Structures are given as structure tokens and as C-alpha cells.
Amino acid sequence: MSQTRAPVIIITGTPGTGKSTHAQLLQDASPVPLKHINVGQLVKDNGFHTGFDEQWQSYTVDEDKLLDELEPLASAGGIILDWHTCEIFPERWADLVVVLRCNHTVLWERLEKRNYPLKKIQENNEAEIMEVVLQEARDSYPQQIIVDLKSESSQDLEDNVANIVEWIKQWLTDNAHEDEEDMS
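Below, the structure is looked at part by part.

Conventions adopted
All chains use their own residue numbering, which begins from 1 and follows the written sequence. Restriction of local features to residues with pLDDT of at least 70 applies here, the model being predicted, together with a cutoff of 80 or more for giving and counting side-chain atom pairs; totals for whole chains, interfaces and linings are based on all residues. Side-chain measures here rest on the full set of heavy atoms in the structure, leaving out hydrogens and waters. A pair is scored as a salt bridge if a Lys or Arg side-chain nitrogen falls within 4 Å of a carboxyl oxygen belonging to Asp or Glu. Helix numbers and strand numbers start at the N terminus; a helix is a DSSP run of H or I with at least 4 residues, a strand a run of E with at least 2. The rule is simple: take the accessible area with a 1.4 Å probe, protein chains only, and divide by the maximum for that residue type; under 20% is buried, over 50% is exposed, in between is partly exposed. Only when DSSP finds a minimum of two bridges between them are two strands counted as paired. Where helices are involved, their axes are fitted lines through C-alpha atoms of the stretch in contact, as for all axes, and angles between N-to-C directions lie from 0 to 180°. Residues are said to line a cavity or pocket when one of their atoms sits within 4 Å of a point; the points come from a 1 Å grid over protein atoms alone, cavities being sets where a 1.4 Å probe fits but cannot get out and pockets being open sets with protein on both sides within 12 Å along at least five of seven lines. Grid points are joined across faces, edges and corners, and a volume is the space filled by probe spheres set on the points. Under this grouping Gly is polar, as are all residues other than the nonpolar Ala, Val, Leu, Ile, Met, Phe, Trp, Tyr, Cys and Pro and the charged Asp, Glu, Lys and Arg.

### Regarding the pattern of salt bridges
- One pass over the full model with this rule turns up six salt bridges.
- Between D95 and R5 there is a salt bridge; the shortest N-O distance is 3.0 Å. Highlighted residues: D95 in the loop between β5 (79-83) and β6 (96-101) and R5 in the segment before β1 (8-13), separated in sequence by 90 residues.
- Assessed through its relative accessible area of 15%, D95 is described here as buried.

### Some remarks on the sheet that holds β5
- Spatial strand order, β2-β5-β1-β6-β7: five strands in an open sheet with parallel pairing. Two strands lie at the open edges of the sheet, namely β2 (35-38) and β7 (146-150), each paired on one side alone. Ignoring which end each strand starts from, the neighbouring axes of this sheet average 20 degrees apart.
- As paired elements, β6 and β7 share five bridges and run parallel to each other.

### Things to note about the layout of surface pockets
- Considering only enclosed or pocket space, the largest pocket measures out at about 1000 Å³ in volume.
- Elements represented by at least two residues in the lining of the largest pocket include exactly α1 (19-29), α2 (39-46), β4 (58-61), β5, α5 (118-129) and α6 (132-140).
- In the lining of the largest pocket, the residues fall into eleven nonpolar, 14 polar and nine charged.

In C-alpha cells, the structure reads:
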């Protein structure tokens, strides 16, 4: 019997919603090995960008280089992709898309603590209020693999990770059954 690959989970949301914290705790709590990939850090560390945009205070991502790097990892499974956007990732990669949401007042305070410039705080708050990341997910992936989770407190964090762990267990059970059917 072939071994079921582990899922590919995309954790996305406006900056400051807790993506990296969720991803790290999920990696630690997962019933199967998952590798946390902070996509923004990967872009910076490997030069998968065409430069730094001073106006937006962010890197201009070279999507081709980034996707070429991630393709074999996504195909193998067992990764958590942590990034502020999700629409760049092909639909075939994702088994679960988690969109983290946060009250704009809480988000504002989190971004201030990170010393974000006022323009960037305003831009990210507007994106959160307008549900930009959630809409990107809805436009890019089947609705049944998208989950929209509140991320405002440590209790939310704990509950979210526990719920995703339960989803992983069910996913493994469902996909092990499919592997058995494929062999018959």
C-alpha cells in the first residue's frame, strides 16, 4: 500500500492576522510532519523578487521563480504555505485554505506594534475591512476547501489550531481510503 502524502495547507490573511503563529503551532501539533514555509521570507532569502517597492514598502515578487521553487514541495505535500495572499498558488496544490480574519481595531494595534508606516497600516486595515484576502481565496479555490477563521485572541489561536489538526486527521482518513480504492 502506498503511503498517503500529507496535505498542503495554505494559511493566508492580511498582515497581522497571525498567519506565522498559526503555521508554527500547527506544524508542532500536526499528527503528520508538515513543513512551515513563510513565503515572504522565502522570497527575501532567495531573491525571488525584482526589487523593493519603496512606495508600498514591500518586495515585487517574481512569481515564476517563486512557483518554480515551490512546485516540487507542493507536489510532495506536507507543507504549510504562510503568506498574505493565496491567489498565486495553483488550485491543484491546495487541500485546505485557511483565511485568518481579525477585527480592524485589533489589527491596527498589531501593525502599530510592528512599527508599520501609517500608510501601510491604513492599506492593510482597508484590505481587512473589504475582505480582500477572503475574496481572493473564494475566487481561486473550491468553496469546500476554504475556511474563514477569526484570529483575535490566544483562545482563537488555540481553537483554530485544534480544529485544523482535526481536519488533518479526517483528511488523512479520507485520503487513505482513496489510496486503497486506487489499488483495487
